[in-house]
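If you want the building blocks of each chain, they are given just below.
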Amino acid sequence: MLVPQLPNHGADRNRRIFCLCLIYCRGIYMRLMDMLLYPHLPPPIFSKLLLTVGDMIRGNDIIQQFMGELEMSERPAILVILMFMVNDKQPFNIRIAALYCIQCFLYKNGKGQAAIVS
C-alpha cells in the first residue's frame, strides 16, 4: 500500500518528483515491472499493480522513456501491457487498469505516441 501513495497526484509537485526519483533509483519500479510477468497474481492485485505502474510513469519523462525501451520476455513492455488490455480472457478490471497504464505512458509523451502509431 505504500508505493501507490508515494506518487500521489494530489501531492505538491516537488514532493511527487522526489518520491518518483526514489522509486526509480531504488529499483522499485523494475521490481513492479517484473511482477507483471508473474502468472499467478490474483486479478485484484494485478490490476492494482497496473494502476500503480501507471501512476508512476504519468508525466515522468525519465520513466516514460525507460518504459518505452524496456523489454519484458523479449517483447516491448508497452506491447505486453497492450496485450493485457485487448485480451478478452482477462478480467474487466485488469483490462481497464491496462488501459489506464497505456494512457499514463502516452501522457505528454510525444516520442511514445509516435512509437505507438508507427
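Everything numeric in this text was worked out from a predicted model, so none of it was measured.

Here is what the cut-offs are and how they apply
- Residues numbered from 1 in each chain as written.
- Predicted model: local features only at pLDDT ≥ 70, side-chain atom pairs only at ≥ 80, totals over all residues.
- Heavy atoms only, no water.
- Helix = DSSP H or I, 4+ residues; strand = E, 2+ residues; numbered from the N terminus.
- Rg over C-alpha atoms; globule rule 2.2 N^0.38 Å.
- Buried < 20%, exposed > 50% of the residue type's maximum accessible area, 1.4 Å probe, protein only.
- Contact = heavy atoms within 4.5 Å.
- Areas by Shrake-Rupley, 256 points an atom, 1.4 Å probe, with all protein chains shown as cover.
- Lys, Arg positive; Asp, Glu negative; His and termini not counted.
- Charge placed at Lys NZ, Arg CZ, Asp CG, Glu CD.
- Phe/Tyr/Trp six-rings, centres within 6.5 Å; stacked < 30°, edge-to-face > 60°.
- Lys NZ or Arg CZ within 6 Å of the ring centre and 35° of its normal.
- Disulfide = S-S within 2.5 Å.

Student: Just to check I follow, could you spell out the overall build of the protein for this structure?
Tutor: Helix and strand content of the protein: 8 helices and 2 strands. Starting at the N terminus and walking to the C terminus, you meet the elements of the protein as α-α-α-α-α-β-β-α-α-α. Over its C-alpha atoms the protein spans a radius of gyration of 14 Å, differing by no more than 12% from the 13 Å that the globule rule assigns to 118 residues. Expressed as a percentage of its 118 residues, the buried residues of the protein come to 36%. If you take every contact in the protein between residues at least 6 apart in sequence, the share linking residues at least 24 apart comes to 63%. Just so you have it, the protein exposes about 7,300 Å², and 61% of that area is on carbon and sulfur atoms. A gap of 6 Å separates the mean positions of the 12 positive and 8 negative side-chain charges of the protein.

Student: Teacher, can you tell me more about the packing of aromatic side chains here?
Tutor: What the rule picks out here adds up to 2 aromatic pairs. Between Tyr29 and Phe66, the aromatic rings sit 5.8 Å apart at their centres with planes inclined by 65°, giving edge-to-face as the arrangement. In this pair, Tyr29 sits in helix 3 (residues 28–35) while Phe66 sits in helix 5 (residues 61–69), placing the two residues 37 residues apart along the sequence. Assessed through its relative accessible area of 1%, Tyr29 is described here as buried. Assessed through its relative accessible area of 23%, Phe66 is described here as partly exposed. Relative to Phe84, the ring of Phe46 has its centre 4.9 Å away and its plane inclined at 75°; by these criteria the two rings are edge-to-face. One end of the pair, Phe46, is in helix 4 (residues 43–57); the other, Phe84, is in helix 6 (residues 77–86), with 38 residues separating them in the sequence. Assessed through its relative accessible area of 5%, Phe46 is described here as buried. Above the ring of Tyr107, the side-chain terminus of Arg58 is found at 3.9 Å from the ring centroid.

Student: Looking at this model, I keep getting lost on the environment of Arg15. Mind explaining?
Tutor: Within the fold, Arg15 resides in helix 2 (residues 13–25). Separated by 91 residues in sequence, Arg15 and Leu106 place their C-alpha atoms 23 Å apart.

Student: Got a minute to help me understand the state of the cysteines in this structure?
Tutor: Two cysteines joined by a covalent bond between their sulfur atoms form a disulfide. On inspection of all chains with the given rule, the structure shows 0 disulfides. With no disulfide of its own, Cys101 has Cys104 as its nearest cysteine by sulfur position, at a separation of 6.6 Å. Here Cys101 falls in the buried class, since its relative accessible area comes to 0%. With relative accessibility at 0%, the residue Cys104 sits in the buried group.

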